Amino acid sequence: MKNYRLITLFSAIGMLFLFSCNSVKTDLSQIPFIPKPVSVTATGQAFKLESATVINVQEGLEQSGKYLAESLGKISGATFEVKTSGEVPVSGIYLSLSAGKPELGNEGYELVIAKELVEIKANQPAGVFNAIQTLLQTLPVKTTEGEVPVIATGTVTDYPDFAFRGVMLDVARHFFSVEEVKQLIDYVAAYKINVLHLHLSDDQGWRIEIKSWPKLTEIGGSTEVGGGAGGFYTQEQYTKLVNYALERNITIIPEIDMPGHTNAALASYAELNKNDKATELYTGTEVGFSTLWAKKEVTYQFIDDVVREISAITPGPWFHIGGDESHVTDSLDYIMLINRAQEIVNKYGKKVIGWDEIANATPIAGATIQFWADVENTTKGLEKGAKVLISPASKAYLDMQYDSTTHLGLHWAGYIEVDKGYSWSADTLVPGLTKDQILGIEAPLWSETVTNIDEVEYMVFPRLPGYAEIGWTAPANRNWEEYKLRLAKHGKRFEALEIDYYKSKLVPWE
Ligand code: TNX
């Protein structure tokens, strides 16, 4: 009798425990989505993800289906079947371009989760991809043995505030392998980042094969900050990266910095120097000491060849010409070189992006000024008709330290704790700037102090999800106090993915 009562008591406690877990698992509105969607409506039931669940896709969405199958496979260990079908099935998962809602734009989506059927509807494959990321956030990163993952039912309707939500990786100061860059792509794609800007050349290294100027990589790619071996991407490897990114809705923007930040090129080819003497390779971290020589015609042949070869293997619309910190370039030379470089970029069918200094030249039609430091330059660029990409160093630089104890990073633009990185909006930093003048936002990671993917992870996480949300979620729908609770729940996800993140004390990690 006594035993019987105990058993009843324990099973009651067990039921209560199960019930409380399930109430979270069946309440879609409790899922800590980052970036925060436009709207989430919960209906209080659960869809069971079983190994027999079939992923049906409308014709043309096979790649999205395959990506979803692989992602779900990583979570549960099962193999999911993908079937092409013109009709909505009764059960399982269905991906289609049938949203019929122009307000969702190119990247928006509707995710409708019912007890038997999960439906993703968008206008474009990019919207389907974004919906898949939202769906994946309703599930754990990995299930435990024998656990049948459940997805809370309801509807998510969602679309981004900005069409451009970027991250930059400096592969010039320290080189990062193709595998490391792919890893970063996977991490940021989960937060709906859709642009990866690669800073491919600087004083310390040239990182992309140029077939007509082979010494750029042979010599210029042979070292990095600190004197390590450096490295570079062959055009074939770069193409693989571009395609890997594209499959994850990420456009790659190549940057070749000029006229400053060019010592690696100047060390590779004597003729690019004013005195026809090649410089020494450089492995320090000073900036602003090198320049291409604007008065030599060979300089423009060089720029033309580089832009032509890179543009030919870059499907995205942009080419970044740098233009920052050219402290030893005469100002008229700077203007001449930037103006000619812009024409070359246009000639090869690309749109120009440059750091805010290029506003001192004449931004060509369709050019974008990347605001990183100087409001005056940015205003000048706006007056000259350019658009603005928002990357303020004091708020959005991923290489800035979190606080004075951070073992990596710099602090010339201040410390950026997780709350400071999150609590701002793109349209409030440059007086008079209107939303339609903003291309989007980008968080750059410079790599003077960052040498491998673990260190990248530490600087990128947990700030990157915040930048992704600033790009995706309208300011009225965001505030730090609420965001930090959602971010806290992503700590477990970072751990399951073995992301080496900074455990900020400002976030109540779970
Ligand atoms: C400034 S931001 C630079 C880079 C450095 C970075 C370090 C910009 C356009 N130029 O050359 O790597 O600061 O934070």
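Residues numbered from 1 in each chain as written. Predicted model: local features only at pLDDT ≥ 70, side-chain atom pairs only at ≥ 80, totals over all residues. Heavy atoms only, no water.

1. Description of the packing of aromatic side chains
Consideration 1: Tallied over the entire structure, the rule returns 23 aromatic pairs.
Consideration 2: Judged by centre distance (5.8 Å) and plane angle (55 degrees), the ring pair of tryptophan 206 and phenylalanine 302 falls under tilted. With tryptophan 206 in strand S11 (residues 205-206) and phenylalanine 302 in helix H8 (residues 297-312), the pair connects residues that are 96 residues apart, well separated along the chain.
Consideration 3: On the accessibility criterion, phenylalanine 302 (3% relative accessible area) is buried.
Consideration 4: Ring pairs connect the aromatic residues Tyr187, Tyr191, Phe461, Phe494, Tyr501 and Trp509, which therefore count as one cluster.
Consideration 5: Just above the ring of tyrosine 300 sits the side chain of arginine 340; from NZ or CZ to the centre is 3.7 Å.
Consideration 6: For arginine 463, the ring lying beneath its charged end belongs to tyrosine 402, and the centroid distance is 3.9 Å. (Phe/Tyr/Trp six-rings, centres within 6.5 Å; stacked < 30°, edge-to-face > 60°. Helix = DSSP H or I, 4+ residues; strand = E, 2+ residues; numbered from the N terminus. Buried < 20%, exposed > 50% of the residue type's maximum accessible area, 1.4 Å probe, protein only. Lys NZ or Arg CZ within 6 Å of the ring centre and 35° of its normal.)

2. Some details on the environment of glutamate 70
Consideration 1: Assignment of secondary structure puts glutamate 70 in helix H2 (residues 62-76).
Consideration 2: As for glutamate 70 and alanine 270, which are separated by 200 residues in sequence, their C-alpha atoms are 50 Å apart.

3. Quick notes on the pattern of salt bridges
Side chains that differ in sign of charge can pair as their charged atoms come close.
Consideration 1: Evaluation of the coordinates by the stated rule reveals 22 salt bridges.
Consideration 2: Arginine 173 serves as the salt-bridge partner of aspartate 170, at 3.0 Å between the closest nitrogen and oxygen. The residues aspartate 170 and arginine 173 share a single accessibility class, namely buried.
Consideration 3: Where arginine 486 meets glutamate 482, a salt bridge forms, and the shortest distance between an N and an O atom there is 2.8 Å. Pair noted here: arginine 486 and glutamate 482 are both in helix H15 (residues 480-496), with a separation of 4 residues, about one helical turn.
Consideration 4: Residue arginine 486 is classed as buried on the basis of its relative accessible area of 7%.
Consideration 5: Salt bridges here are not isolated pairs; linked through shared partners, they connect Lys36, Glu469, Glu482 and Arg486. (Salt bridge = Lys/Arg side-chain N within 4 Å of Asp/Glu carboxyl O.)

4. Considering the sheet that holds strand S4 (residues 92-96)
Consideration 1: A sheet is described by the order of its strands in space; here 7 strands give the open sequence S1-S7-S5-S6-S4-S2-S3, paired in mixed fashion. This sheet does not close on itself; its edge strands, each paired only once, are strand S1 (39-48) and strand S3 (82-84). The sheet shows a mean angle of 20 degrees between the axes of neighbouring strands, direction not considered.
Consideration 2: Where S1 meets strand S7 (residues 150-158), 7 bridges bridge the pair, whose relative direction is antiparallel. Across the sheet, residue serine 39 finds its bridge partner in S7, namely threonine 157.
Consideration 3: Contacts between H2 and the sheet are confined to strand S2 (55-57), S3 and S4, with S2 contributing the most and set at about 165 degrees to the helix.
Consideration 4: With respect to the sheet, helix H3 (residues 125-137) is in contact with S4, strand S5 (109-113), strand S6 (117-122) and S7, its orientation differing from that of S5 by roughly 40 degrees. (Pairing = 2+ DSSP bridges. Axes fitted to C-alpha atoms, helices over the stretch in contact; angles between N-to-C directions. Contact = heavy atoms within 4.5 Å.)

5. Overview of the site of the ligand
Consideration 1: Close to the ligand lie 13 residues, the nearest being Arg173, Tyr397, Asp399, Trp412 and Glu448.
Consideration 2: Arginine 173 places a side-chain nitrogen or oxygen 2.7 Å from an oxygen atom of the ligand.
Consideration 3: Within the complex, the protein chains bury 97% of what would otherwise be the 360 Å² of accessible surface of the ligand.
Consideration 4: Here the shell around the ligand is built from residues that sort into 7 nonpolar, 1 polar and 5 charged. (Near = heavy atom within 4 Å. Polar contact = N/O pair within 3.5 Å; in protein donor to acceptor, adjacent residues only side chain to side chain. Areas by Shrake-Rupley, 256 points an atom, 1.4 Å probe, with all protein chains shown as cover. Nonpolar A, V, L, I, M, F, W, Y, C, P; charged D, E, K, R; others polar.)

6. Digging into the packing of helix H4 (residues 178-189) against helix H13 (residues 453-460)
Consideration 1: Contact geometry of H4 with H13 gives a least axis separation of 10 Å together with a crossing angle of 25 degrees. Between H4 and H13, the interaxial angle falls into the category roughly parallel. Relative to H13, H4 is oriented so that their crossing is right-handed. Of H13, the residues touching H4 (which contributes Glu180, Gln183, Leu184 and Tyr187) are Ile453, Val456, Glu457 and Val460.
Consideration 2: In terms of residue class, the contact of H4 with H13 is built from 5 nonpolar, 1 polar and 2 charged. (Parallel < 35°, antiparallel > 145°, perpendicular 65-115°, else oblique. Left-handed = near helix turned anticlockwise from the far one by under 90°.)

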